[in-house]
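Structural characterization, general
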Amino acid sequence: MITRSLGSHGPRVSSLGLGCMGMSDLYGPADEKESIATIHAALDAGITLLDTGDYYGMGHNEMLLREALRGRKRESVVVSVKFGALRDPGGAWLGVDARPAAVKNFLAYSLRRLGTDYIDIYRPGRFNPAVPIEETVGAIAEMIQAGQVRYVGLSEVGADTLKKAHAVHPISDLQIEYSLISRGIEMEILPTIRSLGVGVTAYGVLSRGLLSGHWSAERSVAKGDFRGSLPRFQDENLERNLALVEALRSMANAKGASVAQLAIAWALSRGDDIVPLVGARRRDRLSEALGALDVTLTADDLARLEKAVPPDAAAGDRYDAGQMAMLDSERITSKPV
Ligand SMILES: NC(=O)c1ccc[n+]([C@@H]2O[C@H](COP(=O)([O-])OP(=O)(O)OC[C@H]3O[C@@H](n4cnc5c(N)ncnc54)[C@H](OP(=O)(O)O)[C@@H]3O)[C@@H](O)[C@H]2O)c1
């Protein structure tokens, strides 16, 4: 497995990370045994970066990771944890809390659930406008001093917030959506990241399955699968987006790859500072995703991809209006270059 550095301040990790969210939440039912087998297969294939959030399944995802990591060397894996989202017992989203006291409280619970005495990368899942980012990052920096956290990460923040945070403590990576059809970071955020030596953990590289080649207009969305509420999966938007997938499919066929592999290979091609997080929750999906590491895109391939899926080709926003309004990264309307 090829490795990449998360910026100049973060750890070296496998060039693909495994995002575990869908194993506990948001994408409808998942099979716990298969989830654990998928994490084991990822580790055995050389994946060292595992991403979770304390609010994924309200602690369930961390407990699943604990189970999956039982018997493995703690230092062989880089665990990235997001915190801050508030939820009720039914899973409803109640807001965000990134006050220093809340940060320390969240961390205490995460350490217990994960069964570890440190978290590698700790990050607020969303920026809390009521709390200066300096205070949130300052609290994480204190926990680094205490040995309970190794690195500070951020998620879905814009360039200004990133700079303010980085001035308090070096940031290892920004976790943000980036794919062939979500390119908003290219205008301002990516250049800022690069000027600061911060890495990127890119999520939604398959646009949550839409770009995987396995989605279709006929696929029914299970109860609890929030993709049913995402604009890109709705009616005419879905039809237009699936037409883009078909354009990718013919390119993928010509390269002897699958659509998902082409989309992941594109993300990998965007720079050595970018580590795509794949959201596989089954071994077959993981194995397909790993195949992307063998797909080499030439300059000609990249130009043809750009033509088939221009930067603003997607129909619909990447989140619904309420969630878009919570994204610090969307406060400046970045237009792709
Ligand atoms: N910081 C943030 O705000 C944020 C937000 C979202 C996610 N994340 C993190 O990023 C990770 C990945 O995000 P994502 O789930 O949106 O990513 P994604 O890779 O775009 O979508 C993953 C989904 O695509 C489908 N899929 C089809 N073929 C696949 C293949 N070969 N490999 C992988 N998935 C395939 C699967 O759905 P089916 O199983 O239903 O087919 C899978 O659950 C999450 O697990 C989470 O850790 C972070």
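Our structure is the block above this text.
Here we summarise the structure given alongside this text. Note on numbering: residues in each chain are counted from 1, in written sequence order. The model is predicted, so local features are restricted to residues of pLDDT at least 70 and side-chain atom pairs to those at 80 or more, both for listing and for counting; the totals for chains, interfaces and linings are taken over all residues. Water and hydrogen atoms play no part in the side-chain values, which are based on all heavy atoms of the structure.

It is worth spelling out the environment of L162 at this point. Relative to the helices and strands, L162 resides in helix α5 (residues 159-168). Throughout this description, buried means an accessible area under 20% of the type-specific maximum (1.4 Å probe, protein chains only), exposed means over 50%, and partly exposed covers the range between. Look at L162 and you get buried, because its relative accessible area is 0%. In this structure, the C-alpha to C-alpha distance between L162 and R123, residues 39 residues apart in sequence, is 12 Å. Between two residues, a contact is recorded if the distance between any of their heavy atoms is within 4.5 Å. Ignoring sequence-local partners within four residues, the contact set of L162 consists of L154, V157, I171, T192, I193 and L196. Runs of E in the DSSP output that reach at least two residues are strands. Runs of H or I that reach at least four are helices, and both are numbered from the N terminus.

Our focus in this paragraph is the packing of α5 against helix α6 (residues 189-196). Direction vectors running N to C along α5 and α6 enclose 15 degrees, while the axes themselves pass 9 Å from each other. When the axes of α5 and α6 are compared, the pair comes out roughly parallel. The crossing of α5 and α6 is right-handed. Together, A159, L162, K163 and H166 of α5 and I189, T192, I193 and L196 of α6 make up the contact between the two elements. Looking at the contact of α5 with α6, its residues break down into 5 nonpolar, 2 polar and 1 charged. Between the N-to-C directions of two axes lies an angle of 0 to 180 degrees, each axis being a line fitted to C-alpha atoms and, for a helix, fitted only over the stretch in contact. With respect to orientation, any angle under 35 degrees is reported as roughly parallel, any angle over 145 as roughly antiparallel, any angle of 65 to 115 as roughly perpendicular, and every other angle as oblique. With the far helix as reference, a near helix turned anticlockwise by less than a right angle produces a left-handed crossing, and one turned clockwise produces a right-handed crossing. Here the term charged refers only to Asp, Glu, Lys and Arg, the term nonpolar to Ala, Val, Leu, Ile, Met, Phe, Trp, Tyr, Cys and Pro, and the term polar to all other amino acids, Gly among them.

Let us now look at the side chain of T192. In this structure, T192 sits in helix α6. Look at T192 and you get buried, because its relative accessible area is 9%. What T192 contacts, discounting residues up to four positions off in sequence, is A159, L162 and K163.

Here a cavity denotes grid points, spaced 1 Å and computed from the protein atoms alone, that fit a 1.4 Å probe unable to get out, and a pocket denotes an open set having protein on both sides within 12 Å along at least 5 of 7 lines; residues with an atom within 4 Å of a point are the lining. Grid points are joined across faces, edges and corners, and a volume is the space filled by probe spheres set on the points. Considering all chains together, one arrives at 1 cavity of 30 Å³ or more under this definition. Residue lining of the largest cavity: E177, S207, R208, L230, R232, F233 and R318, and that is the complete set. The class makeup of the residues in the lining of the largest cavity is 2 nonpolar, 1 polar and 4 charged.

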